[in-house]
Number of protein chains: 2
Amino acid sequence: MSAPAIAYADVEAAAARLRGVVHRTPVLRSREADARCGAQVHFKCENFQRMGAFKFRGAYNALAQFTPEQRRAGVISYSSGNHAQAIALAARLLGLPSLIVMPQDAPAAKVAATRGYQAGCAGSEVRLYDRYTEDREALGARLAAERGMTLIPPYDHPHVMAGQGTAAAELIEQTASEGPLDLLLVCVGGGGLIAGCAVAAHHLTPGLRVIGVEPEAGNDTQQSLARGEIVHIDTPRTIADGAQTQHSGRLTFPVIQRLVESIVTVSDAELAATMAFFAERMKIVVEPTGCLAAAALLHGAVAAPGLRVGVIVSGGNVDLARYAALLGGDLR
Amino acid sequence: MSAPAIAYADVEAAAARLRGVVHRTPVLRSREADARCGAQVHFKCENFQRMGAFKFRGAYNALAQFTPEQRRAGVISYSSGNHAQAIALAARLLGLPSLIVMPQDAPAAKVAATRGYQAGCAGSEVRLYDRYTEDREALGARLAAERGMTLIPPYDHPHVMAGQGTAAAELIEQTASEGPLDLLLVCVGGGGLIAGCAVAAHHLTPGLRVIGVEPEAGNDTQQSLARGEIVHIDTPRTIADGAQTQHSGRLTFPVIQRLVESIVTVSDAELAATMAFFAERMKIVVEPTGCLAAAALLHGAVAAPGLRVGVIVSGGNVDLARYAALLGGDLR
C-alpha cells in the first residue's frame with residue numbers, strides 16, 4: 001500500500017494558510033437533537049463558512065500554493081456547485097483568473113453566485129455542460145491543456161483534502177473543553193471532506209470513530225468499501241446534489257479505507273426532514289447535502305446513546321425556491 | 001412627567017438574574033449587508049435565543065421575581081405567540097403552573113410549542129380566543145382574578161421591559177471592541193423590547209440613536225409619537241404577527257417618547273425580501289417580525305452610510321409551511 005496522499009502535518013499547514021481568511025464557523029448545540037439521540041451533539045456549521053460551504057477551505061488551500069506562473073494562467077475547475085463558488089472566490093481573493101465548468105442543471109443560485117464571485121476578476125468565466133451526456137473530467141482536462149490553466153478537481157487533490165480537514169480540526173478544538181468526541185459524522189461525495197477530516201481526527205483524538213454518510217441512491221463509497229476497490233456508479237438522482245458523485249477519488253479512497261469505520265446511507269425523505277429540523281428547531285438554513293451527517297444521527301442510521309458526537313454541517317447553499325419546495329415536502 | 005417605569009439598574013439586575021439561563025446569542029455580520037447599506041451592520045440574533053425569541057428574557061425576569069405565594073398560584077398571560085412560549089418555558093423552569101391565552105389564528109407551530117413547553121408542568125394549559133371579536137386584556141384580567149394567578153402581560157410590565165433590555169446590553173458589550181454603535185434598530189410591537197433596549201443603550205452608549213421599526217399596516221407607535229399620546233388602532237393585518245399590537249403600553253410609551261429618536265415603517269413585501277436575504281445570504285431562519293429592523297436598513301427606510309449599526313433580530317419562530325410560502329412570495 002502506498003503512502004496516504006496527506007498526513008496531519010498537511011492539515012496543520014493548511015490551517016496556518018487559512019487563518020484570517022476562512023471563518024472559524026460556530027459549533028451549535030440543540031437540546032432537541034440531544035434528546036432525540038440520547039447523545040451530546042455538536043454541529044460544526046460550515047453553512048456559515050465563506051461562500052456558504054466547507055469547500056472554500058480546500059479551494060483556498062490549493063490556490064494559495066500556486067507558483068507565480070500558475071497564478072498568471074489561472075485555475076480551472078468542474079463542480080456540481082459549491083466547489084465552483086469556492087474556487088471562484090479563492091481565485092478572486094488571490095487575484096487569479098478562474099474558469100469554472102458547471103453542469104447545466106446546477107441550482108440557479110449556485111451558477112449566479114459563481115459568476116458573482118468572479119465579478120471584476122479579469123479572464124474569469126463559467127462554462128456550462130450536460131452532466132448526463134458529457135464527461136466533466138475529460139472536458140476539464142481538455143480545457144486545462146488548451147489554456148495552460150491548472151486544474152483543481154473538487155476532491156481528489158491533496159491540497160483540497162488537507163484544506164477540508166481543517167473543519168474537523170477546528171471542531172475538535174472547539175469542543176475540547178467538554179471532553180473528547182467519541183464519534184464524527186461526515187457526508188461523503190467524492191471523499192475529500194471525510195478524508196481530510198479523518199486524518200485530522202485520527203491524529204488529534206486517537207480512538208475517535210469516523211463514520212461517513214451517503215445518500216441511499218449514491219452509495220458508491222459504501223459499495224467501494226465493501227468491494228475493496230473504487231466502484232463507479234451512474235450519476236445518482238438524489239436531492240443531495242453535492243453528493244451526486246459517481247466514484248471516490250484515487251487519493252481519497254485509500255484514506256477512507258484506512259481511517260473511516262463505515263459508511264451509512266440516508267433517504268431523500270430523511271434529508272428533507274432533517275432540513276426542516278434545522279430550520280424549525282435550530283433556525284439555520286442547511287442544503288440537502290449538508291443534512292447528510294445529521295440525518296444519519298437523527299433518523300437512526302447511526303446509534304450514539306451516551307456519546308459525544310461531532311456532526312459536520314457541510315453547507316447552506318440552496319436555491320430559495322427549491323428550499324421552499326423541499327420544506328413543503330416536494331422531493332422532486 | 002412621572003418617572004420612567006425602568007432605569008438602567010433594572011436592566012443590570014435582570015442581566016444578573018438571567019445569567020446562565022438565557023443564551024448569550026451570537027452577533028452575526030454579513031459582507032453583503034454591509035455593502036448594501038454602506039455601513040457596518042451587527043445583527044443580534046435572538047432567533048437563536050431559548051424558545052426562539054427575545055421574549056424569554058422578559059418572561060424569565062418577571063417570573064423569577066414572584067413571591068412564594070405567586071409561584072404557587074402560577075402565571076397567566078396572553079400573547080400572539082412568542083411571549084406565550086416564553087412564559088410557558090420560564091414557568092416550567094421555575095416550577096410554576098402557566099395559563100396561556102392565545103389567539104385561535106396564532107401560527108400552529110407556536111400553539112404546539114407552547115403546549116410542548118408546558119408538558120409535565122402540573123396545572124398548565126392553553127386557552128384559545130378569537131382576536132377579532134374578543135378583547136384579550138379583559139379576558140386575561142378576568143381569568144387571572146378567577147384563579148388568583150398573576151398576569152404577566154407581553155410588554156407593559158417593568159420586569160418584562162427590563163429583561164428585554166438585556167438584549168441590547170449584550171449587543172453593545174459584544175460589539176464594544178469594534179467601537180461604539182452609532183445607531184440601534186429595534187422592532188416595535190407593544191414597545192417592551194425597544195423601551196428596555198433604549199434604556200440600556202442610553203446608559204451604556206450616550207449618543208447611540210435608537211430607531212424603532214413597525215409594519216406599515218401597524219404603525220400605531222409612529223402615530224402615537226406624532227400625536228404625543230397613545231393611539232389605538234384596529235388589529236393590523238400584516239405578516240409580522242408579533243407586531244400586530246393595537247397600541248403601545250402605558251409604561252412603554254413614555255420611555256419610547258423620551259429615548260427613541262423616531263419610528264419608521266416597512267412593507268410586508270420588504271419583510272419577505274428580508275426574510276429571503278437572511279435565508280440566502282446569512283443561512284438563518286428569521287420570522288417576519290424578526291425581519292422588521294433589518295428591513296428598514298436594507299430597504300432604505302433608514303440611511304446609515306458610514307455608521308456602525310446594531311440590528312435586533314428578534315425571533316425565528318415561524319410555521320414551516322408559512323415560511324416556505326413566504327419564501328416563495330406568497331404574502332397572504
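In this text, all values refer to a predicted model and were calculated from it rather than measured experimentally.

A.B. asks: Any chance you could explain the overall build of chain A here in plain terms?
C.D. replies: Assigned secondary structure in chain A consists of 14 helices and 10 strands. Computed over its C-alpha atoms, the radius of gyration of chain A comes to 18 Å, within 12% of the 20 Å expected for a compact globule of 332 residues. Projected onto its principal axes, the C-alpha positions of chain A cover 55 × 45 × 40 Å. Here chain A holds 332 residues, and 61% of them are scored as buried.

A.B. asks: Whenever I open this one, the sheet that holds strand β5 (residues 125-129) of chain B confuses me. Can you help?
C.D. replies: Hydrogen bonds along the backbone pair up the strands of a sheet, which may run parallel or antiparallel. Residue and element names in this part refer to chain B. One open sheet holds the 4 strands; their spatial order is β5-β4-β3-β6, and the pairing between them is parallel. The outermost strands of the open sheet, each flanked by one partner alone, are β5 and β6 (150-151). Bridging between strand β4 (residues 98-103) and β5 involves 5 bridges; their strand directions are parallel. Directly across from Pro103, in β5, lies its bridge partner Tyr129. Packing against the sheet, helix α6 (residues 108-118) makes contact with β4 and β5, and its axis sits at approximately 175° to β4.

A.B. asks: Looking at this structure, how should I read the interface of chain A and chain B?
C.D. replies: Many authors give the size of an interface as the accessible area that is lost as the parts come together. Counting residues at the interface gives 20 residues for chain A, matched by 20 residues for chain B. Summing both sides of the interface, chain A and chain B together bury roughly 1,700 Å²; the carbon and sulfur share of this comes to 64%. It is Arg31, Lys283 and Leu320 of chain A that lose the most area in chain A upon contact with chain B, and together they represent 38% of the buried surface on that side. Put simply, chain A and chain B have 0 salt bridges between them. On the surface where chain A and chain B come into contact, there are 6 residue pairs in polar contact (both at pLDDT 80 or more).

A.B. asks: For this particular structure, what's the right way to read the packing of aromatic side chains?
C.D. replies: For any pair of aromatic rings, the description rests on two quantities: the centre-to-centre distance and the angle between the ring planes. Scanning the entire structure with this criterion turns up 6 aromatic pairs over all chains. When the ring of Phe56 of chain A is compared with that of Tyr60 of chain A, the centres are 5.8 Å apart and the planes differ by 50°; the resulting orientation is tilted. Of this pair, Phe56 of chain A and Tyr60 of chain A both sit in helix α3 (residues 55-63), 4 residues apart, which is roughly one turn of the helix. The exposure class assigned to Phe56 of chain A is buried, which follows from its relative accessible area of 0%. Its relative accessible area of 11% is what places Tyr60 of chain A among the buried residues. Between the aromatic rings of Phe43 of chain B and Phe278 of chain B, the centroid separation amounts to 5.5 Å while the plane-to-plane angle is 80°, which identifies the pairing as edge-to-face.

A.B. asks: Just checking my understanding: could you explain the packing of helix α1 (residues 8-18) of chain B against helix α3 (residues 55-63) of chain B for this structure?
C.D. replies: Two packed helices can be described by the angle between their axes and the distance between those axes. All names here are of chain B. One way to put it is that α1 packs onto α3 with a least axis distance of 10 Å and a crossing angle of 90°. Between α1 and α3, the interaxial angle falls into the category roughly perpendicular. The segment α1 lies against α3, with Ala14, Arg17 and Leu18 engaging Arg57, Tyr60 and Asn61.

A.B. asks: Honestly, the relation of the copies chain A and chain B in this entry has me stumped. Any pointers?
C.D. replies: Of the transformation superimposing chain A on chain B, the axial component is 0.0 Å and the angular component is 180°, with the fit at an RMSD of 0.0 Å. The transformation relating the two chain copies, once decomposed into turn and shift, fits a two-fold axis. Both copies present the same face, since 100% of the interface residues in chain A are matched by interface residues at the equivalent positions in chain B.

A.B. asks: So what exactly am I meant to see when it comes to α1 of chain B here?
C.D. replies: At 3.6 residues per turn, the α-helix brings residues three or four places apart onto the same side. Residue and element names in this part refer to chain B. Regarding α1, the residues found buried are Tyr8, Val11, Ala14 and Leu18. What you see down the axis of α1 is that its buried residues fit within an arc of 115°, all on one side. With its phi angle positive at about 80°, Gly20 sits one or two positions after the end of α1.

A.B. asks: Looking at this model, I keep getting lost on the pattern of salt bridges. Mind explaining?
C.D. replies: Side-chain pairs of opposite charge can arise where the charged atoms are in close proximity. Residue and element names in this part refer to chain A. Tallied over the full model, the rule gives 22 salt bridges over all chains. Here Asp105 and Arg131 are joined by a salt bridge, their closest N and O atoms 3.0 Å apart. Pair noted here: Asp105 is in the loop between β4 (98-103) and α6 (108-118) and Arg131 is in the loop between β5 (125-129) and α7 (136-147), with a separation of 26 residues, a long-range link. Its relative accessible area of 15% is what places Arg131 among the buried residues. One salt-bridge network, held together by shared partners, links Lys44, Glu46, Arg57 and Glu170.

A.B. asks: Which parts of the structure should I look at to understand α3 of chain B?
C.D. replies: Residues and elements named next belong to chain B. Burial analysis of α3 places 9 of its 9 residues in the buried class, the great majority of the element. Taken together, the buried positions of α3 are Lys55, Phe56, Arg57, Gly58, Ala59, Tyr60, Asn61, Ala62 and Leu63. Where α3 is buried, its residues meet α1, β2 (40-45), α4 (68-73), β3 (75-78), α5 (82-94) and α8 (158-175).

A.B. asks: Would you explain the nonpolar core in this entry?
C.D. replies: Note on soluble globular proteins: their nonpolar side chains tend to be buried together. By size, the foremost hydrophobic cluster in this structure holds 155 residues, and its most contacted members are Tyr323 of chain A together with Tyr323 of chain B. Once residues within four sequence positions are removed from consideration, Tyr323 of chain A is found in contact with Met275, Ala279, Ile284, Val285, Val286 and Val318 of chain A together with Val285, Tyr323 and Leu327 of chain B.

A.B. asks: I would appreciate a short explanation of the domain arrangement of chain A in the present structure.
C.D. replies: All names here are of chain A. The assigned domain composition of chain A is domain 1 (8-53 + 161-327) and domain 2 (56-151). The gap between the C-alpha centroids of domain 1 and domain 2 is 24 Å. Facing 29 residues of domain 1, the contacting portion of domain 2 comprises 22 residues. Here domain 1 packs against domain 2, burying approximately 2,100 Å² in sum over the two surfaces, 52% of which is carbon and sulfur. At the junction of domain 1 with domain 2, the criterion picks out 2 salt bridges. Linking domain 1 to domain 2 there are 10 residue pairs in polar contact (both at pLDDT 80 or more). At the level of elements, α1 (8-18) and α8 (158-175) are the ones that each hand at least two residues to the side of domain 1 that touches domain 2.

A.B. asks: What should I look at first to understand the side chain of Thr205 of chain B in this one?
C.D. replies: Assignment of secondary structure puts Thr205 of chain B in the loop between α9 (192-204) and β8 (209-215). The residues contacting Thr205 of chain B, other than those within four sequence positions of it, are Ile172, Pro180 and Leu181 of chain B.

A.B. asks: Before we go on, may I ask you to explain the pairing of strand β8 (residues 209-215) of chain A in this structure?
C.D. replies: Residues in a regular strand point their side chains to alternate faces of the sheet. All names here are of chain A. Of all 7 residues that make up β8, 6 are buried, and the element is covered over most of its length. Between the parallel elements strand β7 (residues 183-187) and β8, the chain passes through helix α9 (residues 192-204) in a crossover that is right-handed. Sheet analysis places β8 next to strand β9 (residues 262-266), joined by 5 bridges and oriented parallel. Bridging from a neighbouring strand, Gly212 pairs with Ile263 of β9.

A.B. asks: Got a minute to help me understand the environment of Gln223 of chain A in this structure?
C.D. replies: All names here are of chain A. By the secondary structure assignment, Gln223 is in helix α10 (residues 220-227). Given a relative accessible area of 29%, Gln223 falls into the partly exposed group. Residues Gln223 and Ile233, spaced 10 residues apart in sequence, show a C-alpha to C-alpha distance of 9.6 Å. In contact with Gln223, other than residues within four places in its own chain, are Val231 and Ile233.

Each value, and the rule that gives it
- Residues numbered from 1 in each chain as written.
- Chains lettered and ligands numbered in written order.
- Predicted model: local features only at pLDDT ≥ 70, side-chain atom pairs only at ≥ 80, totals over all residues.
- Heavy atoms only, no water.
- Helix = DSSP H or I, 4+ residues; strand = E, 2+ residues; numbered from the N terminus.
- Rg over C-alpha atoms; globule rule 2.2 N^0.38 Å.
- Buried < 20%, exposed > 50% of the residue type's maximum accessible area, 1.4 Å probe, protein only.
- Pairing = 2+ DSSP bridges.
- Contact = heavy atoms within 4.5 Å.
- Axes fitted to C-alpha atoms, helices over the stretch in contact; angles between N-to-C directions.
- Buried area = accessible area lost by both parts, 1.4 Å probe.
- Salt bridge = Lys/Arg side-chain N within 4 Å of Asp/Glu carboxyl O.
- Polar contact = N/O pair within 3.5 Å; in protein donor to acceptor, adjacent residues only side chain to side chain.
- Phe/Tyr/Trp six-rings, centres within 6.5 Å; stacked < 30°, edge-to-face > 60°.
- Parallel < 35°, antiparallel > 145°, perpendicular 65-115°, else oblique.
- Least-squares fit on C-alpha atoms with pLDDT ≥ 70 in both.
- Arc of directions from axis to C-beta.
- Core = buried A, V, L, I, M, F, W, Y, C linked by side-chain atoms within 4.5 Å.
- Domains from an automatic or database assignment.
- Right-handed = clockwise from strand over helix to strand, strands pointing away.

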